[in-house]
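Secondary and tertiary structure notes
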Amino acid sequence: MSTAELTAQDAELPKDLVDTFIDMAAHEHHPRGAAIEALRLVQERFGWINDAHLAHTARILGMSQADLDGIATYFNLLFRKPVGKNVVMLCDSVSCYIMGAEQTRERLCKKLGVKMGETTPDGEFTVLPIVCLGHCDHAPAMLVGKDLFGPVRPEDIDGIIDDIRARKK
């Protein structure tokens, strides 16, 4: 499909993303090989992957929306629902659990005033569990955006969150 054909159909996706997806797909043996990177770019631009963006990306890559949604929902770092500006992923692996992740989670949720899976009312933070961050030697571990923390003790939470809030000012 050409850029001209897609632009009219896919007005919700900016032309630069459409062009990028077409280029990425052209360099793959099968266009679906560009699916994960395309979804990552949509999320990077919009914060999450909504149904319209998913449908448009699927058309560009010559996939069904259901197939692309299967990929999007398989990966826990791709978000199909709105999330806060800062996604806090708290590891709940066995190693982290043994090393006190439950107490760290309780302190984190109290500090932000949310439960696991919720977003703060100001839209700044979403707290999510993650199966493993691969940082077991520094358990309990926490990922905020691209910043990996560990070991994170309950008493570390206030400083970490306050530092993240201060960065945005």
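Residues numbered from 1 in each chain as written. Predicted model: local features only at pLDDT ≥ 70, side-chain atom pairs only at ≥ 80, totals over all residues. Heavy atoms only, no water.

1. A few points about the overall build of the chain
Across its full length, the chain carries eight helices and four strands. Ordering the α and β elements of the chain from the N terminus gives α-α-α-α-α-β-α-α-β-β-β-α. Projecting the C-alpha coordinates of the chain onto the three principal axes gives extents of approximately 55 × 35 × 25 Å. Across the 169 residues that make up the chain, the buried fraction comes to 41%. (Helix = DSSP H or I, 4+ residues; strand = E, 2+ residues; numbered from the N terminus. Buried < 20%, exposed > 50% of the residue type's maximum accessible area, 1.4 Å probe, protein only.)

2. Points about a nonpolar patch on the surface
Side chains of V94, Y97, I98 and M99 sit close together on the surface and give an oily, nonpolar patch of about 480 Å² of accessible area. Summarising the element assignment, I98 is placed in helix 6 (residues 94–98). (Patch = residues over 30% accessible without salt bridge, like charges linked within 9 Å, V, L, I, M, F, W, Y side chains within 5 Å. Areas by Shrake-Rupley, 256 points an atom, 1.4 Å probe, with all protein chains shown as cover. Salt bridge = Lys/Arg side-chain N within 4 Å of Asp/Glu carboxyl O.)

3. Looking at the pairing of strand 1 (residues 86–91)
Most of strand 1 sits inside the fold, with six of its six residues counted as buried. Burial of the side chains of strand 1 extends over both faces: N86, V88 and L90 are buried on one face and V87, M89 and C91 on the other. In this sheet, strand 2 (residues 125–130) lies alongside strand 1 in parallel orientation, the contact comprising six bridges. If you follow M89 over to strand 2, its bridge partner there is L128. Pairing of strand 1 with strand 3 (residues 142–144) involves three bridges; the strand directions are antiparallel. Of the residues in strand 3, the one forming a bridge with L90 is M142. (Pairing = 2+ DSSP bridges.)

4. Some words on unusual backbone geometry
Note that the residue after A139, namely P140, is joined by a cis bond; omega there is -5°. Inspection of the secondary structure assignment puts P140 in the loop between strand 2 and strand 3.

5. With respect to the UniProt feature "binding site: [2Fe-2S] cluster" (unreviewed entry) in the chain
Residues annotated in UniProt with the feature "binding site: [2Fe-2S] cluster" (unreviewed entry) correspond here to C91, C96, C132 and C136. Spatial clustering of the annotated residues is evident: they stretch over 46 residues in sequence, but the largest pairwise C-alpha distance comes to 9.3 Å. Within the secondary structure, C132 sits in the loop between strand 2 and strand 3. Overall, C132 belongs to the partly exposed group, its relative accessible area being 39%. (UniProt positions renumbered as here; feature names shortened; annotations may be inferred.)

6. Regarding the nonpolar core
Core analysis: the biggest nonpolar cluster contains 22 residues, and L13, F21, L39, L61, M63 and L68 have the highest contact counts within it. Among the secondary structure elements, those contributing two or more residues to this core are helix 2 (15–26), helix 3 (35–46), helix 4 (51–61) and helix 5 (65–74). Look past the residues within four positions of F21 in its chain and what remains in contact with it is L13, A38, L41, V42, T57, I60 and L61. Listed in part, the 15 residues of the second largest apolar core include L90, V114, M142 and F149. (Core = buried A, V, L, I, M, F, W, Y, C linked by side-chain atoms within 4.5 Å. Contact = heavy atoms within 4.5 Å.)

7. A short note on the packing of helix 7 (residues 101–112) against helix 8 (residues 157–167)
Direction vectors running N to C along helix 7 and helix 8 enclose 45°, while the axes themselves pass 9 Å from each other. By the angle between their directions, the pair helix 7 and helix 8 is classed as oblique. Crossing angle aside, the handedness with which helix 7 passes helix 8 is right-handed. Only I157, D158, I161, D162 and R165 of helix 8 make contact with helix 7, whose side of the interface consists of T104, R107, L108, K111 and L112. Class assignment of the residues belonging to the contact of helix 7 with helix 8 gives a composition of four nonpolar, one polar and five charged. (Axes fitted to C-alpha atoms, helices over the stretch in contact; angles between N-to-C directions. Parallel < 35°, antiparallel > 145°, perpendicular 65-115°, else oblique. Left-handed = near helix turned anticlockwise from the far one by under 90°. Nonpolar A, V, L, I, M, F, W, Y, C, P; charged D, E, K, R; others polar.)

8. Notes on the packing of aromatic side chains
Using the criterion set out here, one finds one aromatic pair in the structure. A ring pair is formed by Y74 and F75, whose centres lie 4.9 Å apart and whose planes are at 90°; its orientation type is edge-to-face. (Phe/Tyr/Trp six-rings, centres within 6.5 Å; stacked < 30°, edge-to-face > 60°.)

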